[in-house]
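# Chains, contacts and geometry: an overview
Listed below, chain by chain, are the residues.
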Amino acid sequence: MLRIFRQIALWEAISTLCLFFFAMPMKYFFATREAVKIAGSIHGFFVVIFVIMLIMCTIEYKWNWKRTLTYFVVSLIPILGFWVELDVKKIINGQKK
C-alpha cells in the first residue's frame, strides 16, 4: 500500500505542475479553457485519491497524527507533494519509521 501511496503522491505533484505551468498559461494566454478543465479534473482526482490513501495508510501503518497532518498540509502546497513521495520512499526502504 505504501508503494501505491508513494505513486499517488508523485502523480498528484506532477498534476499540480501541469495545471500551473501548462493549463493555466493556456487559459490566460490563449483563451483555452478546456486545458484547465482537463488538467484540473485530473489533479482533483489525484488529490481525492491521495487523501483516501493517506487515511488508509494512517490506519494500516498506525501513523501518528503528526505525520498524517504533515502529509496532508504539505499536499496542499504546490510542489511539496514531491517531498511526501520522497519521505514515503524512505519509509519503504527502511530508512525511516
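What you see is a predicted model, and the numbers here were worked out from it, not measured in a lab. (Residues numbered from 1 in each chain as written. Predicted model: local features only at pLDDT ≥ 70, side-chain atom pairs only at ≥ 80, totals over all residues. Heavy atoms only, no water.)

## Structural notes on the packing of helix α1 (residues 2-30) against helix α2 (residues 33-60)
The relative placement of two packed helices comes down to the angle between their axes together with the axis-to-axis distance. In the contact formed by α1 and α2, the axes pass within 8 Å of each other and the chain directions differ by 160 degrees. On the basis of their axis angle, the class for α1 and α2 is roughly antiparallel. The two elements α1 and α2 cross, and the hand of that crossing is left-handed. (Axes fitted to C-alpha atoms, helices over the stretch in contact; angles between N-to-C directions. Helix = DSSP H or I, 4+ residues; strand = E, 2+ residues; numbered from the N terminus. Parallel < 35°, antiparallel > 145°, perpendicular 65-115°, else oblique. Left-handed = near helix turned anticlockwise from the far one by under 90°.)

## A closer look at helix α4 (residues 81-92)
Given 3.6 residues per helical turn, the α-helix brings residues three or four places apart onto the same face. With twelve residues, α4 extends 17 Å from end C-alpha to end C-alpha; this agrees with the ideal 16 Å at 1.5 Å per step. Listing the buried residues of α4 in full gives G81, V84, E85, D87, V88 and I91. Taken down its axis, α4 places every buried residue within 165 degrees of arc, on the same side. Buried residues in α4 make contact with α1, α2 and α3 (65-75). A positive backbone phi angle near 80 degrees is found at G94, which sits one or two residues after α4. (Expected span 1.5 Å × (residues − 1). Buried < 20%, exposed > 50% of the residue type's maximum accessible area, 1.4 Å probe, protein only. Arc of directions from axis to C-beta. Contact = heavy atoms within 4.5 Å.)

## A word on the pattern of salt bridges
The tally for this structure, following the rule as stated, stands at one salt bridge. R6 is the salt-bridge partner of E85, the closest N and O atoms lying 2.6 Å from each other. A residue pair is termed long-range when its members are at least 10 positions apart, and E85 in helix α4 and R6 in helix α1 qualify at 79 residues. (Salt bridge = Lys/Arg side-chain N within 4 Å of Asp/Glu carboxyl O.)

## Structural notes on α2
Along its 28 residues, α2 runs 40 Å from first to last C-alpha, staying within 8% of the 40 Å computed at 1.5 Å per residue. Considered for burial, the residues of α2 that qualify are A35, A39, H43, F46, F50, M53, L54, C57 and T58. Buried positions along α2 lie against α1, α3 and α4. Directly beyond the C-terminal end of α2, a positive phi value near 50 degrees is found at K62.

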